[in-house]
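Observations on the model geometry
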Amino acid sequence: MLVQSGEIFISTLIKNANVIIGGQSVETSVLISNRKIVEIDPANTVTADNMVDASGLVLMPGVIDDQVHFREPGLTGKEDLAHASRACAKGGVTSFLEMPNTIPNATTQQLLDDKLAIASKASLVNYGFYIGATPNNVNDLKHAVRTPGIKIFIGSSTGDLLVDSQDALETIFAQTTLPICAHCEDETTVKRNAQRYAGSTDIATHSKIRDHEAAAIATARAIDLAERHQHRFHVLHVSTAHEVDLIRAAKAKHNFVTAEACPHHLFFSIDDYTRLGSLVKMNPSIKTKQDNEALFAGLLDGTIEVIATDHAPHTMDEKNLPYPQCPSGLPAVENYLALMLDQVNQGRCSIEQVVAWMCEAPARVWDIANKGKIEVGYDADLVLVDMNLEKTIRNEDQQTKCGWSPWAGETLKGWPVKTWVMGEEVFRLDSGNETYAKTFGTAIEYQHKTT
Ligand code: DOR
């Protein structure tokens, strides 16, 4: 027990784990108390209120998912913060950054603050919310606080947020200092393709409308804006090999463009439409196996530094609508760490790389204070992982409110078994039984510098 300024804090000692520290796995113990990591490798004599024997398990920083759509307020029939944040806890995600296409769209400080207030009473894990760009809210974007950054839909997707005009984009890149991220699909190309394929009821048409060209044109346009305005810019959900090349070329010149890939673009291709139909209808659309490979190669060589989910749930009834009415988006937060741990077990990457992509890099890209690493003084957002546990994903086990997963039926090896958020144990898997806490996470803090 730790007593500080009259308050009593419960301490937890996680003993003998393989702890991922500084890009390496070290067998040691970690002491947490008062929301923080207070000691690494404490003396053998140290005890705590809670002693956790973690022999044979991996202790890693909590995952930071920098792209989710949790639908509250306004679209809570699809998802809400209570369900989504439990799904996070189960999946080892201790912090999320949520997109502004809720209803109302989060485009002003007041609307951002409203979302923060809702989350403070609903979210089991830590939370942050992007401010959405419109063609005429640059003043809101300039003065926004308590936000990771600005989200621009350069191409339209779910909802009505869209900034397509060059003038409006130039103004946003010129006048704001917060990091910007964008959904990059070229609106003109998508509209032209939609006309060409009008009347098609084949789900595979989705990838012909939202094609390679649409993604590459918009990403090139956004990188050009970032370069001319020397503005920090994060390419969301890269889906094509060509974009990986564009980003690699930009990174050879400067360091203010970053990028991310999502599990569905890494692991699904157009070949999966036959098996999964509208469950894999996403924006940007899924592409080819060659694109899957290029994205993975981009992660391995550092071109893409972040893996995020773009968790975008819709109800099964909505997904069962015929194409093209069925909406775009799929849920992923509760399975994406396991999807990547399974890749580690398959020998495609290391657990240290997974930590770099899913914990360290998102904290760095969004200037998140005190998260993403296991270090003394950092927040006690931690995940204990059993690399030998095999589990099959089943729709009926999903915590996400929509109650389905496109990976249902897949057996993965390597799963989170315990999650702590700010020192509180929020999720435990014990002999197949899941236990969740009733606590709330905290608002993420940022250390933004101007460009
Ligand atoms: O497929 C998608 N669905 N892509 C997005 O960018 C938005 C998301 C949603 O909110 O449904």
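Look up a bit, the structure's there.
A brief look at the structure comes next. (Residues numbered from 1 in each chain as written. Predicted model: local features only at pLDDT ≥ 70, side-chain atom pairs only at ≥ 80, totals over all residues. Heavy atoms only, no water.)

Turning our attention to the sheet that holds strand 13 (residues 180-183). Pairing is parallel in the open sheet, where 6 strands are placed in the order 11-12-13-14-15-16. Each end of this open sheet is capped by a strand with a single partner; those strands are strand 11 (131-132) and strand 16 (306-307). With 4 bridges joining them, strand 12 (residues 150-153) and strand 13 adopt parallel strand pairing. The partner of F153 across the bridge, within strand 13, is H183. (Pairing = 2+ DSSP bridges. Helix = DSSP H or I, 4+ residues; strand = E, 2+ residues; numbered from the N terminus.)

On any regular strand, side chains alternate: one points to one face of the sheet, the next to the other face. Of the two faces of strand 12, the one carrying I150 and I152 and the one carrying K151 and F153 are both buried. Of the crossover connections in this fold, the one passing from strand 11 over helix 3 (residues 138-143) to the parallel strand 12 is right-handed. Regarding the hand of the β-α-β motif, the stretch spanning strand 12, helix 4 (residues 166-175) and strand 13 is right-handed. (Buried < 20%, exposed > 50% of the residue type's maximum accessible area, 1.4 Å probe, protein only. Right-handed = clockwise from strand over helix to strand, strands pointing away.)

What helix 5 (residues 187-196) keeps buried is the set E187, T189, V190 and N193. In an axial view of helix 5, the angular spread of the buried residues amounts to 160 degrees, which keeps them on one side of the axis. Turned more than 90 degrees away from the buried face of helix 5, the exposed residues are T188, K191 and Q195. On its buried side, helix 5 packs onto helix 6 (205-209) and helix 7 (212-229). (Arc of directions from axis to C-beta. Contact = heavy atoms within 4.5 Å.)

Bringing the packing of aromatic side chains into the picture now. Across all of its chains, the model carries 8 aromatic pairs by this definition. Between the aromatic rings of F96 and F129, the centroid separation amounts to 6.1 Å while the plane-to-plane angle is 80 degrees, which identifies the pairing as edge-to-face. Separated by 33 residues along the polypeptide, F96 in strand 9 (residues 93-98) and F129 in strand 10 (residues 126-129) bring together distant segments of the chain. The exposure class of F96 is buried, given its relative accessible area of 0%. Residue classification places F129 among the buried residues on the basis of a relative accessible area of 1%. Centroid distance F427 to Y436: 5.4 Å. Interplanar angle 45 degrees. Geometry classified as tilted. A single burial state applies to F427 and to Y436, both of which are buried. Site record: aromatic cluster; members linked through ring pairs are F70, F96, Y127 and F129. (Phe/Tyr/Trp six-rings, centres within 6.5 Å; stacked < 30°, edge-to-face > 60°.)

In this section: the sheet that holds strand 10. The 3 strands are arranged 8-9-10 in an open sheet whose pairing can be described as parallel. Every other strand in the sheet has two partners, leaving strand 8 (63-68) and strand 10 as the edge strands with one partner each. Within this sheet the neighbouring strands show an average axis-to-axis angle of 20 degrees, counted without direction. Relative to strand 9, strand 8 runs parallel, the two sharing 4 bridges. Across the sheet, I64 pairs through a bridge with S95, a residue of strand 9. (Axes fitted to C-alpha atoms, helices over the stretch in contact; angles between N-to-C directions.)

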